[in-house]
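# Analysis of the macromolecular model
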Amino acid sequence: MTSFDTTRRHLLKGLGAVCACVCAPALAADFDVRTFGARGDGTTLDTDAIHAAIAAASAAGGGTVRFPAGRYLSFSIRLQSRVALYLDAGSVIVAADPADGHGRYDPAEPNPHDAYQDFGHSHWHNSLIWGENLEDVAILGPGRIWGRGLTRSGPGANRPLKAGDMPSSLGGKDPMGERAKSGTVFGAEMDGKGNKAIALKNCRNVLLRDFSMLKCGHFAVLATGVDNLTIANLTVDTERDGFDIDCCRNVRISDCAVNTPNDDAICLKSSYALGRARFTEHVTITGCQVSGFDLGTLLDGTYQKTQLKAPDEEGVCGRIKLGTESNGGFRNIVIANCVFEHCRGLAIESVDGAVIEDVTVDNLAMRDLTTAPLFIRLGRRMRAPAGTRVGAIRRVNISNVVASQANAPFAAIVAGLPEAPVEDVRLSNITIVYGGGGTAADARRVPPEVPDHYPEPSMFGVTPAYGLYVRHARNVEVHHADLRTAAPDARPPVVLDDVKGERFDHVQLGRAAGVPAIRRVRPASAPASAPPRA
């Protein structure tokens, strides 16, 4: 044997030893739930085995709890710091149903601040998977979380019902059980039930990636006070909210498809659930698709549209929204490269005292919209501690938006209050094709102020403009916009009411003969440019 061969053999042995040293800890850090007694047969409760695997990983200083292919029936799963759950292809974590009599979800922990947001936003422990005060947590893999036994219903805020607590479109109806029932203890009907698939409170360094979620109760993901949160490549098909990102900082949501016909798909909030007003800030939402297809038809690939209304009696939901819970505020928010299909439009709302500022929206494609394509609302619902002042909305840039089949009777809306106008909104490179059909009577309407109502475009009724309705605003700019209708419409394209500092340039506003391009309802400053082309 040559000296070269001998040297090569020693080198390969050395590399093998190094590889063994490097790879052995990684292998040791995997904790298979079947090793700890999980059956994965969809009928045996695997809760205890899952907890044993998580405890072992935590005791080892961290690791990955692995779910091989199978169906793992479970009640509440409690996460631990430095532990990841990995869902192999073919694995499903299934939420057990307490009605079967074999167990119950962890009780909802007390929250003395539950008067300012719904029950679902105020508690985290009553969930399929939850964690509190954790760091370095992940849920990964191509498997699925199925909230089969979760409930989508629950009480509203723990206070006497007020005008803004529920959408005006409901009248006296209560499809989600939010109205307080006399003679009962608040939240008693939720005892033993779970209403969220994943709930995280006061955590940091969290990664959710690559899995799918089906029918997840009130929330697929509720993250409150979570910093450095990444949600990537999730496919969610659920009966109420998809992602609720509440009082969080440094959040990245990317490449997700979220289908929620009955509620919001991706929703930023800044509630009072933590007992203090905290900004949701430094957030990017990119490359996502939101929709309101029939429940389950995103995941099965049929994309059905037989459901026409959400439980609030308006068109199916499935949108991206800032609000409604809006105590702390929103700032440094980017929404880019997203698709809206068969759902409501983009909503930016401050009604509980929040300051919303420095928001950039770019590259949206929208089709088959069930309400206004854009809805910016500064209101005075004030579901907040006594003494809270009206908030503000300022410095919002929305650009490169194309929308078609915007068939609801609502224009894009920017609406503040007489004492608190929306400020510094810029719309540029906007093309929207509305359904049309508005009448001369619609054009004469004066929408009610309703400052304390739940914010939805329908709160104003049919808008007197078909394309853009702006009221109580300052410094609104519209550049390179094309607004038109598919059918004749007797309303003007734009109505400005108590608007100052407006600027329109390079705009095309389709309109019927004799109808002005822009109608100003109250005295305001003269336009800062030449009148728009017909």
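Refer to the structure above for everything that follows.
These figures come from a predicted structure and were not determined experimentally.

Parameters at a glance
Residues numbered from 1 in each chain as written. Predicted model: local features only at pLDDT ≥ 70, side-chain atom pairs only at ≥ 80, totals over all residues. Heavy atoms only, no water. Phe/Tyr/Trp six-rings, centres within 6.5 Å; stacked < 30°, edge-to-face > 60°. Buried < 20%, exposed > 50% of the residue type's maximum accessible area, 1.4 Å probe, protein only. Lys NZ or Arg CZ within 6 Å of the ring centre and 35° of its normal. Helix = DSSP H or I, 4+ residues; strand = E, 2+ residues; numbered from the N terminus. Contact = heavy atoms within 4.5 Å. Pairing = 2+ DSSP bridges.

Attention now goes to the packing of aromatic side chains. Following the criterion strictly, the structure yields six aromatic pairs and no others. For the pair phenylalanine 67 and tyrosine 72, a centre-to-centre distance of 5.3 Å together with 80° between the ring planes defines the contact as edge-to-face. Given the relative accessible area of 0%, phenylalanine 67 is considered buried. Take tyrosine 72: its relative accessible area is 0%, and that puts it in the buried class. A cation over an aromatic ring shows up here: arginine 148 above the ring of tryptophan 146, its NZ or CZ 5.2 Å from the ring centre.

Here lysine 321 lies in strand β23 (residues 320-326). Once you skip the residues sitting within four places of it in the chain, lysine 321 turns out to touch Asp264, Ile266, Cys267, Leu268, Ala347, Glu349 and Tyr454.

In terms of strand pairing, strand β28 (residues 392-406) meets strand β30 (residues 422-434) through nine bridges, oriented parallel. Each bridged residue has a counterpart across the sheet, and for valine 401 the counterpart in β30 is isoleucine 430. Pairing of β30 with strand β31 (residues 468-485), which is carried by 11 bridges, proceeds in the parallel orientation. Residue pairing in the sheet places isoleucine 430 in a bridge with alanine 481 of β31.

Attention now goes to the pairing of strand β12 (residues 204-209). As defined by bridge partners, strand β9 (residues 135-140) adjoins β12 across five bridges and the pair is classed as parallel. Bridging from a neighbouring strand, isoleucine 139 pairs with leucine 208 of β12. Of the strand pairs in this sheet, β12 and strand β15 (residues 227-232) are connected by five bridges, and their pairing is parallel. Following the sheet pairing, valine 206 is matched in β15 by leucine 229.

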